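Residues per chain, in single letters:
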Amino acid sequence: MTFRSVVPAPPNALVQPAGRTLVVGLPLLFGYLTALALSEGLLLVSAPLAAGGFGLLALAGCVALPFTADERSQALLPVMTAIPVVRLIVVAAPTADFASIPRLGVLAVPTLIVVTLATRTRHSVGQLFRLGPSDWATQLAVVLVAVPLAVIVYLLMPVTPGGRGNLPVIAAGIVLALAVLPDELLFRGLLQPAITAVAGQRAGLYLSAMMYAATFIAYASVGALAAAFAVGLALGWCRQRTDSVVGVVGARVVLVVLVYLAFPAIFNG
Amino acid sequence: MTPSVPPPVLDFLRYGDAKASMSAGLVLLAVLVVALTAKALLQSASPAPRQDAVRLLNILAVPLFIVFVAIVVERFSDLS
């Protein structure tokens, strides 16, 4: 006995509309990573040129959307567009006169708007903060991963003194915590699951860590790149294992507070 | 550690050509204009434009507009 739908299927219902042939795969992801790294590298030559690179990359994401053929590519493109937009904001926003920690706090506002808009293309912001299959104890364990990571980062990428400007320590800690939130939501919250859906677990983990590390190219330091890649890899792995962003956000907050505030106070007096 | 820009680039943004006509702010303005134009064209082309395309353009336009307003306010405060 078979059931037949009372609604007649439109002709060629399973065929994609003409021109929708773009599927985001590994070659395109590597191309995007190269373009992002080149734009970051241009920061060493000229900030307006780098801004142009970020702008073109963001616009390319918008141009590509109508040609995407599958749901996973459509989910990934807003995130791939959001990253160069955030970098363009970092370069172009008039914050050069701020000390580094207040500067991060000011930049966090437009970054959070980008991340919220990118999140809302697929699901609600609240869904990002769900615990997943893991419990609070697991999330707490993820937060503790930040301590050894912070030691590695502090050794590889020493912090310039005077970063908090005139801010008291507590206020600087709060600003740092708020500053890393959108950044972490973008790279581990949105980018990693979207890339994993397209490229698989292992490639997704490495590619998202490499994209995160690419945003440190302008520091022109192998230590900074290695530290960023290690952070991206460790937090990305935790994100994959727990299927939640709660623990990794907590870990990033602990990491930056240790690296920017606690360790300089302990080791430099 | 948060991806920002290193001290040499910050120095350029403070004292370099950033204050002249070839600034990163102008690039931002160009991208903003392109995004807003694309959004206007998309919305005028059909009564029910593709929501995902409009949302993607919003990712560009909304934060860049806020930063553009901040740049304008900063320039005026520099003049006064």
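What you are looking at is a predicted structure, and each value in this text was computed from that prediction instead of being measured. (Residues numbered from 1 in each chain as written. Chains lettered and ligands numbered in written order. Predicted model: local features only at pLDDT ≥ 70, side-chain atom pairs only at ≥ 80, totals over all residues.)

Caption draft 1: View of the overall build of chain A. Assigned secondary structure in chain A consists of 11 helices and 0 strands. In chain A, the succession of α and β elements from N to C terminus is α-α-α-α-α-α-α-α-α-α-α. The C-alpha atoms of chain A give 20 Å as radius of gyration, which agrees with the globular expectation for 269 residues (18 Å, within 12%). In terms of overall dimensions, chain A has C-alpha extents of about 80 × 45 × 30 Å along its principal axes. Counting all 269 residues of chain A, 50% fall into the buried class. Sequence separation of 24 or more characterises 77% of the internal contacts of chain A that already satisfy a separation of 6 or more. (Helix = DSSP H or I, 4+ residues; strand = E, 2+ residues; numbered from the N terminus. Rg over C-alpha atoms; globule rule 2.2 N^0.38 Å. Buried ≥ 20, exposed ≤ 12 C-beta atoms within 10 Å, placed from the backbone. Contact = placed C-beta atoms within 7 Å.)

Caption draft 2: Representation of the overall build of chain B in the model. Within chain B one finds 3 helices and 0 strands. Reading chain B from its N terminus to its C terminus gives the helix and strand order α-α-α. Considering chain B as a whole, with its 80 residues, one finds that 31% of them fall into the buried category.

Caption draft 3: Layout of the interface of chain B and chain A. In this assembly, 38 residues from chain B lie in contact with 51 residues from chain A. Contributions of two or more residues to the side of chain B that touches chain A are made by helix H1 (7-15), helix H2 (24-45) and helix H3 (51-79) of chain B. For the side of chain B that touches chain A, the per-class residue count stands at 29 nonpolar, 5 polar and 4 charged. (Nonpolar A, V, L, I, M, F, W, Y, C, P; charged D, E, K, R; others polar.)

Caption draft 4: How the structure looks around the packing of helix H4 (residues 100-119) of chain A against helix H8 (residues 169-199) of chain A. All names here are of chain A. Interhelical geometry of H4 versus H8 gives an angle of 35° and a closest axis separation of 8 Å. Note that H4 runs across H8; the crossing there is left-handed. Only Ala172, Val175, Leu176, Leu178, Ala179, Pro182, Asp183, Leu185, Leu186 and Leu190 of H8 make contact with H4, whose side of the interface consists of Ile101, Pro102, Leu104, Gly105, Ala108, Thr111, Leu112, Val115, Ala118 and Thr119. Its residues placed into classes, the contact of H4 with H8 shows 16 nonpolar, 3 polar and 1 charged. (Axes fitted to C-alpha atoms, helices over the stretch in contact; angles between N-to-C directions. Left-handed = near helix turned anticlockwise from the far one by under 90°.)

Caption draft 5: Here's a closer look at helix H1 (residues 26-42) of chain A. All names here are of chain A. Taking 1.5 Å of rise per residue, 17 residues should cover 24 Å, and H1 covers 24 Å from first to last C-alpha, within 8% of that figure. Three or more residues of H1 are buried, namely Leu29, Tyr32, Leu36, Ser39, Glu40 and Leu42. The buried side chains of H1 occupy one side of the element, clustering within an arc of 160° when seen end-on. For H1, the exposed residues set more than 90 degrees away from the buried face come down to Leu26, Pro27, Gly31 and Thr34. Looking at the packing, one finds that the buried side of H1 touches helix H2 (47-64), helix H3 (71-92), H8 and helix H9 (201-214). (Expected span 1.5 Å × (residues − 1). Arc of directions from axis to C-beta.)

Caption draft 6: Spotlight on the packing of H9 of chain A against helix H10 (residues 222-242) of chain A. Residue and element names in this part refer to chain A. Packing of H9 against H10 leaves a shortest axis separation of 8 Å and a crossing angle of 140°. Classed by the angle they form, the pair H9 and H10 counts as oblique. Seen from above, H9 lies across H10 with right-handed handedness. Side by side, H9 and H10 meet where Gln201, Leu205, Ser208, Ala209, Met210, Tyr212 and Ala213 of the first sit next to Leu225, Ala228, Phe229, Gly232, Leu233, Gly236, Trp237 and Gln240 of the second. Among the residues forming the contact of H9 with H10, the class breakdown is 10 nonpolar, 5 polar and no charged. (Parallel < 35°, antiparallel > 145°, perpendicular 65-115°, else oblique.)

Caption draft 7: Main features of unusual backbone geometry. All names here are of chain A. For Ala220, which is not glycine, the phi dihedral falls at a positive 50°. Inspection of the secondary structure puts Ala220 in the loop between H9 and H10. A residue is classified by how many C-beta atoms lie within 10 Å of it, and Ala220, with 14 of them, is partly exposed.

Caption draft 8: Expanded view of the environment of Ile174 of chain A. All names here are of chain A. Following the sequence through the fold, Ile174 ends up in helix H8. Taking the number of C-beta atoms within 10 Å as the measure of exposure, Ile174 has 15 and is therefore partly exposed. When the C-alpha positions of Ile174 and Pro66 are compared, they lie 41 Å apart, and in sequence the two are 108 residues distant.

Caption draft 9: Layout of the confidence of the model for chain B. Residues and elements named next belong to chain B. Averaged over every residue, the pLDDT of chain B is 78; the share at 70 or more is 68%. The least confident element of chain B, judged by mean pLDDT, is H1 at 64; the most confident is H2 at 90. Note on the complex model: pTM 0.86, ipTM 0.83. (pLDDT = per-residue confidence, 0-100.)

Caption draft 10: Broad picture of helix H11 (residues 246-268) of chain A. A rise of 1.5 Å per residue sets the reference length of H11 of chain A, with its 23 residues, at 33 Å; its end C-alpha atoms lie 32 Å apart and thus fit the reference within 8%. At Leu258 of chain A, H11 of chain A is bent by approximately 45°, the largest bend along its length. (Bend = angle between axes of the 7 residues up to and from the residue.)

Caption draft 11: View of the environment of Ala172 of chain A. All names here are of chain A. Along the chain, Ala172 falls in helix H8. A count of 22 C-beta atoms within 10 Å places Ala172 in the buried class. Spatially, the C-alpha atom of Ala172 lies 7.5 Å from that of Pro102, the residues being 70 residues apart in sequence.

Caption draft 12: Molecular detail of the environment of Asp52 of chain B. Position of Asp52 of chain B among the secondary structure elements: in helix H3. Looking at Asp52 of chain B, the number of C-beta atoms within 10 Å reads 17, which means it is partly exposed. The residues touching Asp52 of chain B, leaving out its near neighbours within four places in the chain, are Leu65, Gln74 and Thr121 of chain A.

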